[in-house]
Structure formats: structure tokens, C-alpha cells
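Read off the chains here:
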Amino acid sequence: MTPVRRRTAVRLLALALCPLPALAGCTDPAPAAPADAAVRRAVADWSAAPPARLAAIPLEGWSYEITSVRQDGVRAFARAELRYRLAGHDAAPASSAREVELTRDGTGWRVTADRPAPGAPAQLWDQGDPAVVRGAHSLVIGVGRTPQELSALAAGADRAVPEVNAAWPGEWARRVVVLAPATLDAMAALLGRPADTYRGLGAVTTGSTGGGPAPADRVVVNPEGYAGLSEAGRRIVLTHEVTHVATRAATSARTPQWLSEGFADWAAYRGSSTTPAEGAPELARAVRRGELPGALPADDAFAFGGDPSAAARAYEGAWLACRLVADRWGGAALVRLYELAGREPLPVALEQALGTDLPALTEAWRRALREELG
């Protein structure tokens with residue numbers, strides 16, 4: 001079983017499919033225009049409200065914006081961008097590239113299929129009829145999962161939100177959406193990447209980084225990885241992921257991965273009795289072999305699909321770096337560092353938040369690793 005940090009997630013940006021240009025047909029476009037308009041009207045009428053089978057999901061702002069129409073005899077294919085919000089959770093719309101198939105009969109065009117556009121991630125409800133459990137701070141949507149499993153996820157998310165609030169005083173929704181697919185392959189389909197990318201992980205978080213309206217974040221649970229965790233491990237994973245949701249608006253391309261991932265683990269381990277050696281076993285073994293890292297983990301060390309031991313050491317080192325900052329300068333200073341690092345160069349953020357520089361912080365971290373793990 002891989003360490004908890006191997007099951008935690010890095011920012012994972014939601015994929016979008018660019019609208020395809022309309023296909024060229026005859027040189028005179030006028031005859032095709034009325035038929036295209038009829039297809040568009042049929043899609044608009046069909047998509048005026050969410051499907052009845054999604055009634056348990058608090059959907060609002062539901063709309064299909066057609067970007068192109070292609071006709072092939074009595075069949076037509078409309079490319080569209082689905083936009084919606086989860087009421088009480090999303091301040092900005094989620095979006096999904098779709099392909100709507102229609103058939104023409106004696107009464108006009110009728111929608112016969114709706115699926116992800118080629119290359120686009122699926123929506124959870126593409127995989128079956130969804131079930132919904134509402135928690136005090138959470139909304140859990142699952143397909144192919146038992147009511148008990150969904151309720152347990154809601155309870156775990158509800159415990160995580162107050163823990164994250166205590167670690168991150170910044171503005172955020174203070175509630176979380178959890179998606180619970182039935183299999184690892186189903187999880188991968190939601191995220192648009194190969195299943196092996198997520199094998200062994202407990203959960204990942206989706207969403208775009210940066211300021212502006214709060215993005216539509218989702219914590220997506222890997223049923224295989226999550227099932228293999230202890231209760232303590234599940235608590236760590238969910239708290240880590242909810243921390244990513246909370247810090248999303250303060251996170252940008254400037255934010256070092258060691259700070260983003262380390263802060264999420266620091267929030268998850270706060271108040272626990274876990275020692276550095278217990279929480280960082282891979283890094284402890286490396287230090288005892290004389291392999292003390294020379295620098296804080298680089299961003300690419302956190303990438304999925306690489307050497308799992310190296311990734312574990314990166315997560316563990318990031319946690320211990322943020323733990324060091326909180327212990328030496330205080331939790332408020334760590335939060336301040338995170339906020340500044342999202343909008344300022346790291347040297348500026350370190351000077352303003354901690355009154356130190358990267359070489360000094362790195363040396364203090366390396367010294368702590370020798371003392372606590374050696």
C-alpha cells in the first residue's frame with residue numbers, strides 16, 4: 001500500500017474541447033440555413049430543463065450553447081457547450097463539451113442521443129443514473145455506489161470542512177462537492193486521462209486556479225484507492241482535497257507545488273499525533289541512506305505516472321517544509337506565504353511573509369530532515 005501522500009492529489013485543470021468549425025458544404029449556404037435553424041430549435045427545446053433523471057441534483061443555469069451543426073441525411077450532429085451550476089455550491093458555471101445527435105422524422109428533428117464530444121471528459125450522469133446525498137457541508141453525487149458508501153463520503157467531507165476552515169481563514173465556499181464514480185475507469189473518464197494516471201490515488205480535485213469567481217471544483221474519489229485506506233487515511237485524503245478547494249482562488253501558476261501540496265498535507269495533519277518519521281517513511285528511509293535532498297521538491301516531482309517512491313518523497317518533503325514554516329513562524333505566516341506566493345515571485349513572498357529567503361529556508365528544512373528523520 002502506498003503512503004497517504006501518494007494518494008493525494010495535485011491540481012488538476014479541467015479539460016475543454018474547442019468548438020469545431022462548421023463543415024463546408026455547397027457554395028450557396030442559404031438552403032442549409034433553415035435546416036440548421038430547425039436543428040438548433042430542436043436542441044433548444046429539448047435542453048430547456050435538465051433531464052428528469054437528474055432531478056435530485058440541484059442544477060441551475062442549465063443551457064446548451066450550440067457551436068456547430070453537421071447534417072447527414074436524416075441525421076444531424078450538433079456540437080454544444082453544456083453549462084450549469086450546482087445551486088448553493090458553484091459561484092461560476094461548470095462546462096462540458098457535448099455532441100447531440102438528432103434524427104429527422106415526419107414531424108421534424110428529434111434528439112436521440114447526448115454524449116461527450118470526441119476527446120472531452122464525461123459527466124458523471126453519462127455513466128448511469130446518479131444518487132445524491134446532502135451533508136451539512138457537502139454534496140455527494142455517485143453512480144453505482146451504495147447509499148452507505150455515499151453517506152460515509154458525506155460524513156467524511158463534513159468532518160474535513162471545519163478542519164480546513166481552521167487551517168485556511170481565507171474566503172471560500174466552506175462546502176464541497178464530491179463525485180463518486182463506480183470504478184477507476186469511470187473516474188478516469190470523468191477526468192479525461194488514462195486510468196493508470198490515478199491508480200493508487202485516493203482522490204483528486206478538479207478546478208481552475210486563480211482569482212475571480214470561485215471555480216466549480218469537484219473532489220473525485222477513486223473507489224479502488226479510497227477503499228484501501230484506513231479510516232485515518234481517508235480523513236487525511238479528504239481533508240487534503242478539501243484544502244485544495246479552499247485555497248483554489250489563492251493558487252496560481254506562480255504557486256510552487258511544494259507549497260500547494262505541502263500546505264494541503266499540513267492542514268490534514270494539523271492536530272494529529274503523527275510524527276515526521278511516521279508521516280514521511282519514504283523520505284526517512286532516503287535520509288537514513290544518506291540521500292538528503294539538496295533542494296525543496298521541484299514541480300515536476302509531483303507529476304502522476306512517475307516513480308511512486310520519488311513522488312512520495314516529494315509529498316513528504318513538501319509537508320515537512322510547510323510544517324517547519326508553521327512551527328517556526330506560525331500558522332498565520334504560512335497562510336500569508338501561500339497568499340503572497342500566488343501573486344508575487346517566491347523570493348518576494350518569502351521575504352514579506354517570513355523575512356527570509358529560499359536558500360535559508362531550504363537549509364533550515366534540510367537541517368530539520370536530518371534531525372527528525374536521520
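Residues numbered from 1 in each chain as written. Predicted model: local features only at pLDDT ≥ 70, side-chain atom pairs only at ≥ 80, totals over all residues. Heavy atoms only, no water.

Draft legend 1. Broad picture of the overall build of the chain. Within the chain, the secondary structure is distributed over 13 helices and 10 strands. Considering the chain as a whole, with its 374 residues, one finds that 51% of them fall into the buried category. Put simply, of all contacts in the chain between residues at least 6 apart along the chain, 67% involve residues at least 24 apart. Here the chain displays about 16200 Å² of accessible surface, and carbon together with sulfur accounts for 53% of that area. (Helix = DSSP H or I, 4+ residues; strand = E, 2+ residues; numbered from the N terminus. Buried < 20%, exposed > 50% of the residue type's maximum accessible area, 1.4 Å probe, protein only. Contact = heavy atoms within 4.5 Å. Areas by Shrake-Rupley, 256 points an atom, 1.4 Å probe, with all protein chains shown as cover.)

Draft legend 2. Spatial organisation of the pairing of strand E4 (residues 94-105). Here strand E3 (residues 75-86) pairs with E4 via 10 bridges, running antiparallel. Directly across from Glu-81, in E4, lies its bridge partner Ala-97. (Pairing = 2+ DSSP bridges.)

Draft legend 3. Fine view of the packing of aromatic side chains. The final tally for this structure, using the stated rule, is 11 aromatic pairs. For the ring pair Trp-168 and Phe-263, a centre distance of 5.6 Å and an interplane angle of 85° mean the geometry is edge-to-face. Remark: Phe-263 occurs in helix H7 (residues 257-269) and Trp-168 occurs in the loop between helix H3 (147-167) and strand E8 (176-180); sequence separation between them is 95 residues. Here Trp-168 and Phe-263 have matching classes, each one buried. One cation-aromatic arrangement involves Arg-328 over Trp-329; the distance from NZ or CZ to the ring centre is 5.6 Å. (Phe/Tyr/Trp six-rings, centres within 6.5 Å; stacked < 30°, edge-to-face > 60°. Lys NZ or Arg CZ within 6 Å of the ring centre and 35° of its normal.)

Draft legend 4. Structural view of helix H12 (residues 346-354). Where H12 is concerned, the buried positions are Leu-346, Ala-349, Leu-350, Ala-353 and Leu-354. Viewed end-on, H12 has its buried residues packed into an arc of 100°, placing them on one side of the element. For H12, the elements touching its buried residues are H7, helix H10 (308-329), helix H11 (331-341) and helix H13 (358-373). Following H12 by one or two positions, Gly-355 has its phi on the positive side, about 70°. (Arc of directions from axis to C-beta.)

Draft legend 5. Examining the pattern of salt bridges more closely. Per the counting criterion, the structure on display carries 22 salt bridges. Close ionic contact of Arg-199 with Asp-196 constitutes a salt bridge, the shortest N to O distance being 2.7 Å. The salt bridge partner of Arg-323 is Glu-372, with a shortest N-O separation of 3.1 Å. Of this pair, Arg-323 sits in helix H10 while Glu-372 is found in helix H13, placing the two residues 49 residues apart along the sequence. Relative accessible area serves as the criterion here: at 21%, Arg-323 is assigned to the partly exposed category. Taking relative accessible area as the criterion, Glu-372 reaches 35% and is therefore assigned partly exposed. (Salt bridge = Lys/Arg side-chain N within 4 Å of Asp/Glu carboxyl O.)

Draft legend 6. Structural detail: the packing of H3 against helix H6 (residues 231-247). Following both chains from N to C, one finds H3 and H6 inclined at 60°, their axes separated by 8 Å at the closest point. When the interaxial angle is binned, H3 and H6 end up oblique. By crossing handedness, the relation of H3 to H6 is classed as right-handed. Contact residues: Leu-153, Gly-156, Ala-157, Ala-160, Val-161, Glu-163 and Val-164 in H3; Arg-235, Leu-238, Thr-239, Val-242, Thr-243 and Ala-246 in H6. For the contact of H3 with H6, the per-class residue count stands at eight nonpolar, three polar and two charged. (Axes fitted to C-alpha atoms, helices over the stretch in contact; angles between N-to-C directions. Parallel < 35°, antiparallel > 145°, perpendicular 65-115°, else oblique. Left-handed = near helix turned anticlockwise from the far one by under 90°. Nonpolar A, V, L, I, M, F, W, Y, C, P; charged D, E, K, R; others polar.)

Draft legend 7. Molecular detail of the environment of Trp-319. Tracing the backbone through its elements, the reader meets Trp-319 in helix H10. Separated by 50 residues in the primary sequence, Trp-319 and Tyr-269 place their C-alpha atoms 9.0 Å from one another. If we skip the residues at most four places from it in the chain, Trp-319 touches Gly-262, Asp-265, Trp-266, Tyr-269, Thr-274, Thr-275, Pro-276, Gly-279 and Ala-280.

Draft legend 8. A look at the sheet that holds E4. A sheet is described by the order of its strands in space; here four strands give the open sequence E2-E3-E4-E5, paired in antiparallel fashion. Each having just a single partner strand, strand E2 (59-72) and strand E5 (108-116) make up the two edges of the open sheet. Neighbour-to-neighbour, the strand axes of the sheet open up by a mean angle of 30°, direction not taken into account.

Draft legend 9. Here's a closer look at the packing of H7 against H10. With their axes 7 Å apart at the nearest point, H7 and H10 run at an angle of 70° to one another. Overall, the two elements H7 and H10 adopt an arrangement that is roughly perpendicular. Two secondary-structure elements touch here, H7 through Trp-258, Leu-259, Glu-261, Gly-262, Phe-263, Asp-265, Trp-266 and Tyr-269 and H10 through Tyr-315, Ala-318, Trp-319, Ala-321, Cys-322, Arg-323 and Ala-326. Of the residues belonging to the contact of H7 with H10, the class tally is 11 nonpolar, one polar and three charged.

Draft legend 10. Layout of the pairing of strand E7 (residues 138-142). For E7, the buried fraction is high: five of the five residues fall into the buried class. What you see with E7 is no split at all: Ser-138, Val-140 and Gly-142 on one side and Leu-139 and Ile-141 on the other are buried throughout. Alignment of strand E6 (residues 131-134) against E7, held across four bridges, turns out to be antiparallel. Note that in E7 the partner of Ala-131 across the bridge is Gly-142. Counting the residues in the hairpin turn of E6 and E7 gives three residues. Pairing between E7 and E8: five bridges, direction parallel. Bridged to Ile-141 within E8 is Leu-179. At this point the chain moves from E7, through H3, to the parallel E8, and the crossover so formed is left-handed. (Right-handed = clockwise from strand over helix to strand, strands pointing away.)

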